[in-house]
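Structural overview
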Amino acid sequence: MTRYLAVAAAAAATLALTPAAGFAQTARGYYAATPVTSPEKASLVTRSTIWKCGEGVCVASKANARDNIVCELVAREVGQLSAFRANGTEFDADALAKCNTKAR
């Protein structure tokens, strides 16, 4: 039992020390937004969705809104997107262009 607690404590410490950029690259969020220019912040919130950004990609868990609305909300915060993925499916060129009309 003691050995298990030591391993769990080491794992928790490792996760706590992981930088946000590493998190964004390895996290598998429901959404992934790729801004044309790197985001200024490591994290942001759109309505009630928390985004973690790093290495040119922002990821987030599933939101209570349609995927196209979520795309527009993140584009409004980070600017033009070169790609947007929801539940593993990339937005096509038309959907991405419509999303980018809301970019700052």
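Reading the values: rules and limits
- Residues numbered from 1 in each chain as written.
- Predicted model: local features only at pLDDT ≥ 70, side-chain atom pairs only at ≥ 80, totals over all residues.
- Heavy atoms only, no water.
- Pairing = 2+ DSSP bridges.
- Helix = DSSP H or I, 4+ residues; strand = E, 2+ residues; numbered from the N terminus.
- Contact = heavy atoms within 4.5 Å.
- Axes fitted to C-alpha atoms, helices over the stretch in contact; angles between N-to-C directions.
- Patch = residues over 30% accessible without salt bridge, like charges linked within 9 Å, V, L, I, M, F, W, Y side chains within 5 Å.
- Areas by Shrake-Rupley, 256 points an atom, 1.4 Å probe, with all protein chains shown as cover.
- Salt bridge = Lys/Arg side-chain N within 4 Å of Asp/Glu carboxyl O.
- Lys, Arg positive; Asp, Glu negative; His and termini not counted.
- Charge placed at Lys NZ, Arg CZ, Asp CG, Glu CD.
- Buried < 20%, exposed > 50% of the residue type's maximum accessible area, 1.4 Å probe, protein only.
- Phe/Tyr/Trp six-rings, centres within 6.5 Å; stacked < 30°, edge-to-face > 60°.

Focus on the sheet that holds strand 6 (residues 89–90)
Within the open sheet, the 6 strands sit side by side as 2-3-4-1-5-6. Their pairing is antiparallel. Only two strands of the sheet have a single partner each, and these edge strands are strand 2 (43–46) and strand 6. Of the strands in this sheet, strand 1 (31–35), strand 2, strand 3 (49–54), strand 4 (57–60) and strand 5 (81–86) are in contact with helix 3 (residues 67–78), which crosses strand 5 at around 145°.

Here's the deal with a positive patch on the surface
Taken together, the side chains of Arg47, Arg66, Arg76, Lys98 and Lys102 present a region of like positive charge at the surface. As for its placement among the helices and strands, Lys102 is situated in the segment after helix 4 (93–100). Residue Lys102 is classed as partly exposed on the basis of its relative accessible area, which comes to 38%.

Observations concerning the pairing of strand 1
Among the 5 residues in strand 1, 4 count as buried, and that is most of the element. Sheet topology note: the strand 1/strand 4 ladder contains 3 bridges and is antiparallel. Paired with Ala33 across the bridge in strand 4 is Cys58. Bridge count between strand 1 and strand 5: 5 bridges; the pairing is antiparallel. Residue pairing across strands places Thr34 opposite Ala83, the latter belonging to strand 5.

Observations regarding the packing of aromatic side chains
Evaluation of the coordinates by the stated rule reveals 4 aromatic pairs. A centroid spacing of 6.0 Å and a plane angle of 35° characterise the contact between Tyr31 and Trp51, whose relative ring orientation is tilted. With a gap of 20 residues between them, Tyr31 in strand 1 and Trp51 in strand 3 connect regions that are remote in the sequence. We classify Trp51 as buried; its relative accessible area is 0%. Here a set of aromatic residues connected by ring pairs shows up, and it is made of Tyr30, Tyr31, Trp51, Phe84 and Phe91.

Things to note about the environment of Asn64
Counting through the fold element by element, Asn64 comes out in the loop between strand 4 and helix 3. For Asn64 and Ser48, which are 16 residues apart along the polypeptide, the C-alpha to C-alpha distance reads 8.5 Å.

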